[in-house]
Amino acid sequence: MSKICKAYEMEYRSLFRLGLPVLVTQLGIIVVGFADTMMVGSYGVNELAAAAFVNSLFVIPIVMLIGFASGLTPLIGALFGQGSNVEAGRTLRAGMQINIAVSVVMTAVMGCLYFFLDRFGQPEELLPLARRYYLIVLSTLIPLSVFNTFQQMCNGINDTRMPMWMILGANVLNIFGNWLFIFGNLGMPELGLAGAGISTMVARWASMIGIVSVFLKSGRYCPYWSGFHEVGRIQEMKKIRQEVWTTSYPVMIQSGIECSLWSFGAVVSGWFGKIQLAAYQVVNTMAQLGFMTFISFGTAVSIRVANYMGVGDIRGARRITSAGLHLNIVLATIASTIFLFAGKMIIGCFTPDGEVAASALLLIAPLVIYQYMDAIQLTYCNAIRGTSDVKPLLFISLVSYVVVGIPVLLWFAKGLDLGNIGVYYSFDVALLAASLIATLIFYRIMRRNSLML
């Protein structure tokens, strides 16, 4: 073990330097997710189940927008490694234009879906709550997309701290807004689930305004201003937009396909009643503890792989990916230990309802297996993103989450009548498939690039 640590010492340090601010950011997001679920859950089971249903629908466009924006990271990371600051600014401008356009389309699509909420087979009493909450969350897709764009720019130039502070500030605002509007404190109206939506909306718009303002005013980013503000160069900007689109859309589709399995899992859980749906929401929130930490060092791996690929260092890209896997396996072990020994206590924090808590407790075993599979696939998928050869991500997602995941989910949940327990075990199977395929594809990309040098 000591030999491994010594061999990878420099890589561990670089991943910690980049990954820890992202980890703090993601932990802040986890705290908000926990707080949202706890506050809504303490308000009522119907509100918790309605939130689970709406969030399961919005997780697809939200994660797709995050995935689309992350296509900027390898492009800007490679330019940063080369010292091409003006070109990085132009790439940010092109990325912002395309990301806004995609978020407008997503908003229109989700707006149309609103009129079909009664077709998903959910309990009838949840629909009035779900409809109002849905419209509020719908208004946050565009500011979320703009924030993601600037965050990926910061990540690409190895500045993960500034977005961290922006998100942490937005998280505090979100939790305070929940306290005000869900329960009607300090003279505010008691809005229940709609209050949680309003606080999320305010926080997302504030974080967008904050990160754009800092980028445009801080001297830290002045090397990129000329490229960002530049006018003209119509053909060159068209070429950059095409490059951003080519790098980003496979990640967006891959992210959407992956999340569609989890969204479908919520819909299927709802077929078995609001108790199983509410339990599914509780455990999904707990699952973020692992996912958000893995994605932190996965993001760092993506940035460092992009830096190495920008200067043609294939051995460095392989080495940093192995270091990232080591760290994520350790994090998976920590998360699994927490779930095994404190799962019952954590579930009790989310809901006072005994039936919901009992149903959620049965999902701990598949949740533990989930951690290791998720850690591996996130490490290698982010390493693939760092190479800018992102089209294989579509293949990984289609095979793992559609060809394997959906049939197994239906078989376990409906065919074997396991309900939400079957849903969670199907996630383990899908993530195992993704882990194996992503590992093989990453090393194939490394071999191909080695031969080209």
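Q: Sorry if this is basic, but what is going on with the overall build of the chain here?
A: The number of helices and strands found in the chain is 17 helices and zero strands. Expected size for 453 residues packed as a compact globule is a radius of gyration near 22 Å; at 21 Å, the chain falls within 12% of this value. Burial analysis of the chain (453 residues in total) assigns 58% to the buried set. Considering only contacts within the chain whose residues lie at least 6 apart along the sequence, 83% involve residues at least 24 apart. Here the chain displays about 17900 Å² of accessible surface, and carbon together with sulfur accounts for 69% of that area. Side-chain charges in the chain split into 29 positive and 21 negative, and the spacing between the mean points of these groups amounts to 12 Å.

Q: Got a minute to help me understand the layout of surface pockets in this structure?
A: Over the atoms, a rolling probe the size of a water molecule traces out where space has been left empty. Considered as a void within the structure, the largest pocket measures approximately 210 Å³ in volume. Pro74, Leu75, Ala78, Leu79 and Glu243 are, among the 15 residues lining the largest pocket, the residues nearest its centre. Among the elements of the structure, α4 (72-82), α5 (85-113), α11 (234-271) and α12 (274-310) are those that each provide at least two residues to the lining of the largest pocket. Per element, the largest residue contribution to the lining of the largest pocket is five residues, and it comes from α4. When its residues are assigned to classes, the lining of the largest pocket shows six nonpolar, seven polar and two charged.

Q: Help me understand the nonpolar core, please; the structure alone is not making it clear to me.
A: Note that soluble globular proteins tend to have their nonpolar side chains buried in a common cluster. Counting 134 residues, the largest nonpolar core has Phe58, Met286, Leu367, Ile396, Tyr424 and Phe427 as its most contacted members. No other element matches the 19 residues that α12 contributes to this core.

Q: I would appreciate a short explanation of the state of the cysteines in the present structure.
A: Two cysteines joined by a covalent bond between their sulfur atoms form a disulfide. If you walk through the whole model with that rule in mind, you get zero disulfides. As a non-bridged cysteine, Cys154 has Cys222 as the owner of its nearest cysteine sulfur, 14 Å distant. Overall, Cys154 belongs to the buried group, its relative accessible area being 1%.

Q: I'm lost on the pattern of salt bridges in this one. Help?
A: Between side chains of opposite charge, pairing is possible as soon as their charged atoms come close. For the structure on display, the rule yields five salt bridges. For Glu87, the salt bridge goes to Arg90, with nearest N and O atoms at 2.8 Å. Remark: Arg90 and Glu87 occur in helix α5; sequence separation between them is three residues, near one turn of the helix. The residue Arg90 makes a salt bridge to Glu236 at a minimum N-O spacing of 3.1 Å. Of this pair, Arg90 sits in helix α5 while Glu236 sits in helix α11, placing them 146 residues apart in sequence. Arg90 gets classed as buried once you look at its relative accessible area, which sits at 9%.

Q: What is the right way to read the packing of helix α13 (residues 314-350) against helix α15 (residues 364-386) from this model?
A: Each pair of packed helices gets described by two things: the angle between the helix axes and the distance between those axes. At a closest axis distance of 9 Å, the pairing of α13 and α15 adopts a crossing angle of 155°. Considering their axes alone, α13 and α15 lie roughly antiparallel with respect to each other. Taken as a pair, α13 and α15 cross one another with a handedness that is right-handed. A class-by-class count of the residues in the contact of α13 with α15 yields 15 nonpolar, eight polar and no charged.

Q: Would you explain the side chain of Asp428 in this entry?
A: Here Asp428 shows up in helix α17 (residues 420-452). Within the buried core, Asp428 has no salt-bridge partner, and the shortest N-O distance to an opposite charge, that of Arg385, equals 19 Å. Leave out the neighbours within four places in its chain, and Asp428 touches Pro366, Ile369, Tyr370 and Met373.

Q: Help me out: how do you make sense of unusual backbone geometry in this one?
A: Of note in this structure, Leu186 is not a glycine but carries a positive phi near 55°. Mapping Leu186 onto the fold places it in the loop between α8 (161-181) and α9 (193-217). In the Ramachandran plot, Asp417 falls in the positive-phi region, its phi being about 55° despite a non-glycine side chain. With respect to the helices and strands, the residue Asp417 is situated in the loop between α16 (392-415) and α17.

Q: Got a minute to help me understand α4 in this structure?
A: Think of an α-helix as turning once every 3.6 residues; residues three or four places apart then point the same way. The buried fraction of α4 is high, at eight of eleven residues. Those residues of α4 that sit buried are Leu72, Thr73, Pro74, Leu75, Ile76, Gly77, Ala78 and Leu79. Buried residues along α4 sit against α3 (45-70), α5, α7 (141-156), α11, α12 and α15. Backbone geometry just after α4 places Gly83 at a positive phi near 80°.

Q: Help me understand the packing of aromatic side chains, please; the structure alone is not making it clear to me.
A: To describe a pair of aromatic rings, one takes the distance between the centres and the angle between the planes. Summed over all chains, the structure comprises 25 aromatic pairs. Between Trp262 and Phe427, the ring centres sit 4.4 Å apart and the planes meet at 20°, which makes this aromatic pair stacked. With Trp262 in helix α11 and Phe427 in helix α17, this residue pair connects regions lying 165 residues apart in the sequence. Using a relative accessible area of 12% as the deciding quantity, one classes Trp262 as buried. Phe427 sits in the buried class, given a relative accessible area of 0%. Joined through ring pairs, the aromatic side chains of Trp262, Tyr280, Tyr370, Tyr401, Tyr424 and Phe427 make up one cluster.

Conventions we followed
Residues numbered from 1 in each chain as written. Predicted model: local features only at pLDDT ≥ 70, side-chain atom pairs only at ≥ 80, totals over all residues. Heavy atoms only, no water. Helix = DSSP H or I, 4+ residues; strand = E, 2+ residues; numbered from the N terminus. Rg over C-alpha atoms; globule rule 2.2 N^0.38 Å. Buried < 20%, exposed > 50% of the residue type's maximum accessible area, 1.4 Å probe, protein only. Contact = heavy atoms within 4.5 Å. Areas by Shrake-Rupley, 256 points an atom, 1.4 Å probe, with all protein chains shown as cover. Lys, Arg positive; Asp, Glu negative; His and termini not counted. Charge placed at Lys NZ, Arg CZ, Asp CG, Glu CD. 1 Å grid on protein atoms, 1.4 Å probe; cavity = no way out; pocket = protein on both sides within 12 Å on 5 of 7 lines; lining within 4 Å. Points joined across faces, edges and corners; volume = space filled by probe spheres on them. Nonpolar A, V, L, I, M, F, W, Y, C, P; charged D, E, K, R; others polar. Core = buried A, V, L, I, M, F, W, Y, C linked by side-chain atoms within 4.5 Å. Disulfide = S-S within 2.5 Å. Salt bridge = Lys/Arg side-chain N within 4 Å of Asp/Glu carboxyl O. Axes fitted to C-alpha atoms, helices over the stretch in contact; angles between N-to-C directions. Parallel < 35°, antiparallel > 145°, perpendicular 65-115°, else oblique. Left-handed = near helix turned anticlockwise from the far one by under 90°. Phe/Tyr/Trp six-rings, centres within 6.5 Å; stacked < 30°, edge-to-face > 60°.

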